[in-house]
Amino acid sequence: MATVITLGASPALVSLGARLALAERLGRSGALSMALALAGLLLLLGGPSAASATGVGLALLSAIAYAGVTLHSRASARPRPPARFKSRGDPRPGESG
């Protein structure tokens, strides 16, 4: 049960995190896919089960951690603008050179 929750909730959490933290767009097809994935997760889980609230909470915590690692790797793979260093001979801001 925990594996189903973790693997089913992770893509939704990655999409949400990518939208909030990385300003990625989901689009209509992505939103539809996400809705279908969450509906599928609910179908797999079924109704009330013998799973404890603690177990479900830990599975969701695992999904959050997995999403965090995925988002971190996405963010670190993005190209960054080159750093601009000033030499000692460059004028300071506000000074004419």
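A brief structural summary. (Residues numbered from 1 in each chain as written. Predicted model: local features only at pLDDT ≥ 70, side-chain atom pairs only at ≥ 80, totals over all residues. Heavy atoms only, no water.)

## Some details on the packing of helix H1 (residues 2–21) against helix H2 (residues 27–45)
At step 1: Close contact between H1 and H2 brings their axes to 10 Å; oriented N to C, the two are set at 160 degrees. Our classification of the angle between H1 and H2 gives roughly antiparallel. Where H1 crosses over H2, the handedness of that crossing is left-handed. In this structure, H1 uses Val 4, Ile 5, Gly 8, Ala 9, Pro 11, Ala 12 and Ser 15 to contact H2, whose residues at the interface are Met 34, Leu 38, Leu 41, Leu 44 and Leu 45.
At step 2: When the residues that make up the contact of H1 with H2 are grouped by side-chain class, the tally is ten nonpolar, two polar and no charged. (Axes fitted to C-alpha atoms, helices over the stretch in contact; angles between N-to-C directions. Helix = DSSP H or I, 4+ residues; strand = E, 2+ residues; numbered from the N terminus. Parallel < 35°, antiparallel > 145°, perpendicular 65-115°, else oblique. Left-handed = near helix turned anticlockwise from the far one by under 90°. Contact = heavy atoms within 4.5 Å. Nonpolar A, V, L, I, M, F, W, Y, C, P; charged D, E, K, R; others polar.)

## Brief notes about the nonpolar core
As a rule of thumb, nonpolar side chains are buried together in soluble globular proteins.
At step 1: Listed in full, the five residues of the largest apolar core are Val 14, Ala 18, Leu 22, Ala 67 and Leu 71.
At step 2: Contributions of two or more residues to this core are made by H1 and helix H3 (53–77).
At step 3: Those residues in contact with Leu 71 that lie beyond four places of it in its chain are Val 14, Gly 17, Ala 18 and Leu 22. (Core = buried A, V, L, I, M, F, W, Y, C linked by side-chain atoms within 4.5 Å. Buried < 20%, exposed > 50% of the residue type's maximum accessible area, 1.4 Å probe, protein only.)

## Regarding H1
At step 1: Given a rise of 1.5 Å per residue, 20 residues ought to cover 28 Å, and the 26 Å separating the end C-alpha atoms of H1 matches this to within 8%.
At step 2: Taken together, the buried positions of H1 are occupied by Ile 5, Thr 6, Gly 8, Ala 9, Ser 10, Ala 12, Val 14, Gly 17 and Ala 18.
At step 3: Contacts from the buried residues of H1 go to H2 and H3.
At step 4: The first or second residue beyond H1 is Ala 23, which carries a positive phi of 55 degrees. (Expected span 1.5 Å × (residues − 1).)

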